[in-house]
Amino acid sequence: MYKNFNEFGISDKIIVSLSEMGFEEPTPIQKMAIPPVLQGKDIIGQAQTGTGKTAAFGIPLIEQRPEAKGRYPYAIVLAPTRELAVQVSEALNKMGARAGVVSLPIYGGQSIELQIRSLKRGADIVVGTPGRVLDHIRRKTLVLKDIKTVVLDEADEMLSMGFIEDIEKILGGIPGERQTMLFSATMPKEIIRISKNYMNKPVHVGVDASEMVVAKTKQVFYEVREEDKIKALTRLLDVEGPALTLVFCHTKKEVDEVAGRLQQMGYPAGAIHGDFTQSHRDEMIRKFKGGDIDILVATDVAARGLDIPDVSHVINFSIPQDPEGYIHRIGRTGRAGKSGIAITFVTPRQYRQLKLIEQFAKTRINKAKLPSREEVRKAKEEELAAGVEEMIKEGKHTRFYDMAKRLFEKYSPEDVSAAALSMLLDTEDTQEIEEQGKGYAGQQKDSVRLFMTIGKMDKIKVGDIVKSISAEAGIPERKISNIALFDKFSFVEVPADLADRVISAINDSIIKGRKVKIQHAKKRERR
Ligand code: ADP
Ligand code: MG
């Protein structure tokens, strides 16, 4: 059923726009969502990033345009971030181009006056971030009285960004007779509650995340020690020569470090995470899409939902904390029929985490061997040789003829060119990366002691520490022991195989309003 867009019974104008966008056949979520929505039903759609949710709600939204163009918008889409609002709005404008439907993004960070003027000129569909939408409603610059359809896109993300109250206020202010669509990758309790309170017998559509791993994505892992990760990354970049690479890190700090190191070494890399300004993030994404930078280093949140075509490699510089996160990350490659490669770095202690991911995603992630120094050297030499040939063919080198002649008076052409080449090929990477490969090192029972920069003076109690660690790192409270509170710092013991996870979850997080650093405690000297 529904092999073609015209089987949905939508207008030809939309079908033409879709074919202009290169859409030939509906994706599974589109096949499932579009018919009930066209029948006027509320729906809840659950599917991973990259499955085509925008058109799943966009096509019916455009089909539902009113006969006569109204003064106020007939539909509103709420999205978690400015990037997504812009992206969704652009997609709607393309889908609605022939049908004459105009969509407008409104989001925090852009001048409100500008948005007020655009809203006055009229928009059929408004796509906005909840905070800014509410702001416009309060100023009466956005009127919701004609709204027929509301879409909550990436609802779980809006929840985790603290938008839930705003969303409820917005939903509460929209007239009774309306259709509501909710899209979410996961279904936390709060989202289910919202759907109960604000939706009318919603139809559930979607595919279980565990069935969704893109078969086209080749998945491998490398066992790398924490301190060798950068080197492993650059080797892979050198040898595989990927087109566009998305590198996922666990924390903002790690994003900064990885992007910084890559830039120092001359790789065209950029970084995005929540601490950067909007304009910086926009700029980075534009550059990445345009190929001005080949490598984008990001946190999960910053990269969530962004649609960047042509990503050839996704590299999990740090292993995702939850198995579902893995599916979201690798969903960024192998999109729309293209094949991609997903690479995960695994430290010896993270084997268990890897197994959990394999189980959850019902997939097999094979171990691969990092390119050796020799292979890297070869790859670099080949690239350089190709560059030299190209330069000669294009004749770009001729202004150095005189210099070459002068050198040839003293040395042979072989010597001169070999010396010039060796200046170009950096020989920094001389150490072998230690292969460990014993596997399942994570089983050890002993615990380790961690040091945290929070203590009695911060009015923190033992119970608070246990609860925070348990919640943030997602480990049972009983695994956290021997807490020692001092005025300005404290110690805590956790099983050795969970230490990395606790450190990455807690470091730089806020506990009791304070930013906390956590690290392995220095071993006490015996006297
Ligand atoms: P999601 O919201 O589920 O993350 P998007 O709606 O952003 O996914 O779509 C992901 C990509 O797939 C986009 O580049 C989009 O243009 C493309 N796409 C969506 N539907 C189709 C289709 N039916 N045929 C081809 N490409 C599609
Ligand atoms: Mg989306």
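It should be noted that the structure appears before, not after, this text.
This report concerns the structure included in the present document.

## Some remarks on the pairing of strand 3 (residues 103-106)
- As paired elements, strand 3 and strand 4 (residues 125-128) share four bridges and run parallel to each other. When the bridges of strand 4 are listed, Pro-105 appears paired with Val-127.
- Remark: the strand 3/helix 5 (residues 112-121)/strand 4 crossover connection has right-handed handedness.

## Focus: the packing of helix 8 (residues 164-172) against helix 9 (residues 189-198)
- Running from amino to carboxyl end, helix 8 crosses helix 9 at an angle of 10 degrees, the nearest separation of the two axes being 12 Å. Comparing the axis directions of helix 8 and helix 9 gives the class roughly parallel. Here helix 8 contributes Ile-164, Glu-168, Leu-171 and Gly-172 to the contact with helix 9, which in turn contributes Glu-190, Ile-191, Arg-193, Ile-194 and Tyr-198.
- Taken together, the residues of the contact of helix 8 with helix 9 sort by class into five nonpolar, one polar and three charged.

## Looking at the sheet that holds strand 1 (residues 43-46)
- Spatially, the seven strands line up as an open sheet ordered 3-4-2-5-6-1-7, and their pairing is parallel. The open sheet has two edge strands, strand 3 and strand 7 (203-206), and neither has a second partner. Taken over all neighbouring pairs, the strand axes of this sheet differ in orientation by 15 degrees on average, direction set aside.

## A word on the side chain of Gln-219
- Counting through the fold element by element, Gln-219 comes out in strand 8 (residues 217-223).
- Side-chain polar atoms of Gln-219 contact the side chain of Tyr-326, separated by 2.8 Å.

## With respect to the packing of helix 3 (residues 53-63) against helix 4 (residues 82-95)
- Put simply, helix 3 and helix 4 touch, their axes get as near as 10 Å, and they point 45 degrees apart. Relative to helix 4, the element helix 3 lies oblique. Classified by chirality, the crossing of helix 4 by helix 3 is right-handed. Listed contacts from helix 4 to Thr-54, Ala-55, Phe-57, Gly-58, Ile-59 and Ile-62 of helix 3 are Val-88, Ala-91, Leu-92 and Met-95.
- Of the residues belonging to the contact of helix 3 with helix 4, the class tally is eight nonpolar, two polar and no charged.

## Focus on helix 3
- The element helix 3 is extensively covered by neighbouring structure, given that nine of its eleven residues are classed as buried.
- Among the residues of helix 3, Lys-53, Ala-55, Ala-56, Phe-57, Gly-58, Ile-59, Pro-60, Leu-61 and Ile-62 are the ones counted as buried.

## Notes on the nonpolar core
- Ranked by internal contacts, the top residues of the largest apolar core, which has 34 residues, are Phe-57, Ile-59, Leu-61, Val-77, Ile-125 and Met-181.
- At the level of elements, helix 1 (12-20), helix 2 (28-38), helix 3, strand 2 (75-78), helix 4, strand 4 and strand 6 (179-184) are the ones that each hand at least two residues to this core.
- With six residues, helix 3 is the largest single contributor of residues to this core.
- Among the nonpolar cores identified, the runner-up in size contains 28 residues, and Ile-106, Leu-119, Leu-142 and Ile-191 belong to it.

## Topic: the pattern of salt bridges
- Tallied over the full model, the rule gives 28 salt bridges.
- A salt bridge links Glu-394 to Lys-396; the shortest N-O distance between them is 2.8 Å.
- Overall, Glu-394 belongs to the partly exposed group, its relative accessible area being 43%.
- Ionic contacts of the salt-bridge type, sharing partners, join the residues Glu-168, Glu-190 and Arg-193 into one network.

## A short note on the packing of aromatic side chains
- Counted according to the given criterion, the structure contains eight aromatic pairs.
- Summarising the aromatic geometry, the rings of Phe-451 and Phe-489 are spaced 5.4 Å apart at their centres and angled 40 degrees between planes, so their arrangement reads as tilted. In this pair, Phe-451 is assigned in strand 15 (residues 447-452) and Phe-489 in the loop between strand 16 (481-485) and strand 17 (490-495), connecting sequence segments 38 residues apart.
- Given a relative accessible area of 24%, Phe-451 falls into the partly exposed group.
- Between the aromatic rings of Phe-489 and Phe-491, the centroid separation amounts to 5.9 Å while the plane-to-plane angle is 80 degrees, which identifies the pairing as edge-to-face.
- A relative accessible area of 29% places Phe-489 in the partly exposed class.
- Within the aromatic cluster, the residues linked to one another by ring pairs are Tyr-222, Phe-317 and Phe-345.
- The cationic tip of Lys-229 hangs over the ring face of Phe-317; the distance from NZ or CZ to the ring centre is 5.4 Å.

## Things to note about the site of ligand 1
- Of all residues adjacent to ligand 1, which total 15 residues, the nearest are Glu-25, Gln-30, Gly-50, Thr-54 and Asp-307.
- Within the side chain of Gln-30, one N or O atom sits 2.8 Å away from a nitrogen atom of ligand 1.

## A closer look at a nonpolar patch on the surface
- Together, Phe-400, Met-403, Leu-407, Phe-408 and Tyr-411 make up an exposed nonpolar region whose accessible area comes to about 480 Å².
- With respect to the secondary-structure elements, Phe-400 resides in the loop between helix 16 (373-394) and helix 17 (401-410).

## Remarks on unusual backbone geometry
- Located in the positive-phi region is Lys-140, a residue other than glycine, with phi close to 60 degrees.
- Among the structural elements, Lys-140 can be located in the loop between helix 6 (130-138) and strand 5 (149-152).
- A residue is classified by how much of its surface remains accessible, and Lys-140, at 69% relative accessible area, is exposed.
- Phi at Glu-154 is positive, roughly 50 degrees, even though this residue is not glycine.
- Its place among the elements puts Glu-154 in the loop between strand 5 and helix 7 (155-160).
- Glu-154 gets classed as buried once you look at its relative accessible area, which sits at 7%.

Calculation rules
- Residues numbered from 1 in each chain as written.
- Chains lettered and ligands numbered in written order.
- Predicted model: local features only at pLDDT ≥ 70, side-chain atom pairs only at ≥ 80, totals over all residues.
- Heavy atoms only, no water.
- Pairing = 2+ DSSP bridges.
- Helix = DSSP H or I, 4+ residues; strand = E, 2+ residues; numbered from the N terminus.
- Right-handed = clockwise from strand over helix to strand, strands pointing away.
- Axes fitted to C-alpha atoms, helices over the stretch in contact; angles between N-to-C directions.
- Parallel < 35°, antiparallel > 145°, perpendicular 65-115°, else oblique.
- Contact = heavy atoms within 4.5 Å.
- Nonpolar A, V, L, I, M, F, W, Y, C, P; charged D, E, K, R; others polar.
- Polar contact = N/O pair within 3.5 Å; in protein donor to acceptor, adjacent residues only side chain to side chain.
- Left-handed = near helix turned anticlockwise from the far one by under 90°.
- Buried < 20%, exposed > 50% of the residue type's maximum accessible area, 1.4 Å probe, protein only.
- Core = buried A, V, L, I, M, F, W, Y, C linked by side-chain atoms within 4.5 Å.
- Salt bridge = Lys/Arg side-chain N within 4 Å of Asp/Glu carboxyl O.
- Phe/Tyr/Trp six-rings, centres within 6.5 Å; stacked < 30°, edge-to-face > 60°.
- Lys NZ or Arg CZ within 6 Å of the ring centre and 35° of its normal.
- Near = heavy atom within 4 Å.
- Patch = residues over 30% accessible without salt bridge, like charges linked within 9 Å, V, L, I, M, F, W, Y side chains within 5 Å.
- Areas by Shrake-Rupley, 256 points an atom, 1.4 Å probe, with all protein chains shown as cover.

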